[in-house]
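Residue-level structure breakdown
If you want the building blocks of each chain, they are given just below.
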Amino acid sequence: MTKHLILLCFLSLAGRSLIAQDDLLAALEAEQSEHKEYVEATFKGTRLINGHSIETRKKGVMDFIIAHRFGTADGGIYELFGLDNASIRIGLEYALTDRFYFGLGRNSFEKTYDGFVKYRLLRQSTGNGSIPISVTWFSSMAIRTLKEPEYDLNIVDRSAYTHQLLIASKVNSVISLQLMPSWVHRNVIRPEDSNNDVFALGMGGRIKLNPRVAICMEYYHQYQSLNDLTKNALAIGFDIETGGHVFQLQFTNATSMVPKGFISETSNDFFDGEIHFGFNISRTFQVN
Amino acid sequence: MNKLFFTLITMLFQAQLLIAQPLIDRAGKASFYSEAPLEDIEAVNETLLGAIDLDKGTLAVSMSIKGFHFDNSLMEEHFNENYLESDKYPKAQFSGKIKDFSNLDFSKSGSFEVVVEGLIEIHGVKKTLETIVRFERSADRLLANTQFDIAVDDFDVDIPKLVIKNIAEVVEVKASFNFKKD
């Protein structure tokens, strides 16, 4: 019993001295419960390279995007490695909510108008009830308005649709990965084309080199092909962030900047030097 | 013997109860203001945890960096991603002591100013901080307010030259707490 008493006295003293150390900060830390927090900035921009990333802008943000793709580099010095030819896409996008994002654009390549909607179905989070991935649904419609007098086509005939499920995970602050199951549908195809529908699986990711610069990769593998000439689109790029701008530089074999185009109409061979240099510049405005 | 044992336990419990609990505010407010040639930036965090122990004259503050909100959402993202690196350093903290605490009387109503000195940790860097805290005491609450300047460079927060005209090198920080007495 005496032994117990001594032990008890000792314990109580130990308890007192712990409190006496008065780590108020430790007490506060214990208070801070593991509440749910969304993982931000899986990617720097709304585009991975050619295609979309899971990211949307926050509510009330307007994004003005100018994208350029120069000609292929294999033209040599005569074509100044492709700089003589450039196609441009001008786009204006707006976030109606933190989850719903839409935009319109026009690509000078085949004089294509496009519109898209994007909705964040799932957002990666940490803490209580955490989810390890983000999922964004993406749908785009593109209308080719290049004059083709040999065909008699109306606006519906000229339209193509792309639907994607963008699935991404910010593995850590340096590495983010994304998978993009995609479906491209055309209402009407030319005689030389063989498939109205093309299914593809895109994959990509980024590695942050420092807080403001990241290297990105993107590849779309097609399971059907529109015709015998198409190749899978590969792109390698850099994201550079400067205040309100996100500047993306890329090297890709895709010519089009519209989803149905780069996924299923890419005809250049990346490893044969048929590479386009290009860039995307994004400027955001907090509208309300 | 058993009786003694019980007496001892009872005494221990009483002793525990006598130790006053620190006052805690779970909705403290902090804001910082950056004034630079091209733009002024302000961010507010209203989920600070603050504690004060009126027996020992000690203070502690802990806050989540992600709790700071900006008018411009992209700015908020960059603040977390590029400047404060909140994935790596999710919290900012302060713990300190009230100077000359033994000569102060916190039981009287009214307002008074004290000097608090301690350690502040932001972006994984610890620095000593001395600031004046203004207390306002009423029957059921104790308000605390402070304001101090922080040099961004002291905390290894790197500002690229390109945006040097957008972000001030010294930012003004304000914090306030409302401790309720039970």
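Residues numbered from 1 in each chain as written. Chains lettered and ligands numbered in written order. Predicted model: local features only at pLDDT ≥ 70, side-chain atom pairs only at ≥ 80, totals over all residues. Heavy atoms only, no water.

1. Let's talk about the overall build of chain A
The helix and strand inventory of chain A stands at three helices and 14 strands. When burial is assessed residue by residue, chain A has 44% of its 288 residues classed as buried. Contacts in chain A between residues far apart in sequence, at least 24 positions, make up 57% of those at least 6 positions apart. Within the structure as shown, chain A displays about 13,800 Å² of accessible surface, and the carbon and sulfur contribution to it stands at 65%. Across chain A, the 28 positively charged side chains and the 31 negatively charged ones have centroids separated by 7 Å. (Helix = DSSP H or I, 4+ residues; strand = E, 2+ residues; numbered from the N terminus. Buried < 20%, exposed > 50% of the residue type's maximum accessible area, 1.4 Å probe, protein only. Contact = heavy atoms within 4.5 Å. Areas by Shrake-Rupley, 256 points an atom, 1.4 Å probe, with all protein chains shown as cover. Lys, Arg positive; Asp, Glu negative; His and termini not counted. Charge placed at Lys NZ, Arg CZ, Asp CG, Glu CD.)

2. Digging into the side chain of T252(A)
All names here are of chain A. Tracing the backbone shows T252 in strand β13 (residues 245–252). Given a relative accessible area of 0%, T252 falls into the buried group. A polar contact of 3.0 Å, which involves the side chain of T252, links it to the backbone nitrogen of A254. (Polar contact = N/O pair within 3.5 Å; in protein donor to acceptor, adjacent residues only side chain to side chain.)

3. Remarks on a nonpolar patch on the surface
Nonpolar side chains collect at one region of the surface, where V171(A), V174(A), I175(A), L177(A), I207(A), L209(A), F238(A) and F251(A) lie side by side and expose about 660 Å² of accessible area between them. Residue position: I175(A) is located in strand β9 (residues 175–186). (Patch = residues over 30% accessible without salt bridge, like charges linked within 9 Å, V, L, I, M, F, W, Y side chains within 5 Å. Salt bridge = Lys/Arg side-chain N within 4 Å of Asp/Glu carboxyl O.)

4. Quick notes on the packing of aromatic side chains
Taken as a whole, this structure holds 21 aromatic pairs over all chains when the rule is applied. Aromatic ring contacts, followed pair by pair, group F70(A), F247(A), F251(A), F277(A) and F279(A) into a single cluster. Against the face of Y38(A) rests R123(A), its NZ or CZ located 4.1 Å from the ring centre. Note that R212(A) overlies the ring of Y83(B), its terminal NZ or CZ placed 5.3 Å from the centroid. (Phe/Tyr/Trp six-rings, centres within 6.5 Å; stacked < 30°, edge-to-face > 60°. Lys NZ or Arg CZ within 6 Å of the ring centre and 35° of its normal.)

5. What about unusual backbone geometry?
Positive phi, close to 50°, is recorded for F81(A), a residue that is not glycine. On the basis of relative accessible area, F81(A) is assigned to the partly exposed category, the value being 46%. Non-glycine residue D100(B) carries a positive phi angle of around 55°. Following the sequence through the fold, D100(B) ends up in the loop between β5 (91–98) and β6 (110–122).

6. Some remarks on the sheet that holds strand β2 (residues 61–72) of chain A
Pairing between sheet strands relies on hydrogen bonds along the backbone, with the strands arranged either parallel or antiparallel. All names here are of chain A. Taken in spatial order, the twelve strands line up as β2-β3-β4-β5-β7-β8-β9-β10-β11-β12-β13-β14 and close into a barrel, and their pairing is antiparallel. Strand after strand, the sheet turns through a mean of 20° between neighbouring axes, direction not considered. As paired elements, strand β8 (residues 159–170) and β9 share nine bridges and run antiparallel to each other. Bridge pairing in β9 places Q164 opposite S182. (Pairing = 2+ DSSP bridges. Axes fitted to C-alpha atoms, helices over the stretch in contact; angles between N-to-C directions.)

7. A word on the pairing of strand β10 (residues 197–210) of chain A
Consecutive side chains of a regular strand alternate in pointing toward one face of the sheet and then the other. Residue and element names in this part refer to chain A. Looking at chain direction, β9 and β10 are connected through eleven bridges and run antiparallel. When the bridges of β10 are listed, M180 appears paired with G202. Relative to strand β11 (residues 213–222), β10 runs antiparallel, the two being bridged by ten bridges. Its bridge partner lying in β11, I207 is registered against I215.

8. Looking at helix α2 (residues 73–83) of chain B
One turn of an α-helix holds 3.6 residues; hence residues three or four places apart share an orientation. All names here are of chain B. When you tally the buried positions in α2, you get ten out of eleven residues, the bulk of the element. Listed as buried for α2 are S73, L74, E76, E77, H78, F79, N80, E81, N82 and Y83. The backbone nitrogen of L74 lies 2.9 Å from a side-chain oxygen of the residue at the head of α2, namely N72. Within two residues after α2, E85 carries a phi angle of roughly 45°, on the positive side.

9. So, the confidence of the model for chain A
Averaged over every residue, the pLDDT of chain A is 88; residues scoring 70 or more account for 90%. The model gives residues 14–21 of chain A a pLDDT under 50, and that stretch makes six contacts with residues more than four places away or in other chains. (pLDDT = per-residue confidence, 0-100.)

10. Notes on the nonpolar core
Judged by nonpolar contacts, the single largest core of 45 residues is most densely connected at I52(B), F68(B), I98(B), I120(B), F135(B) and I150(B). If we skip the residues at most four places from it in the chain, I120(B) touches Q93(B), F94(B), V125(B), K126(B), K127(B), L129(B), F148(B), I150(B) and F155(B). One finds Y101(A), V184(A), V198(A) and A233(A) within the second-largest nonpolar core, a separate group that totals 18 residues. (Core = buried A, V, L, I, M, F, W, Y, C linked by side-chain atoms within 4.5 Å.)

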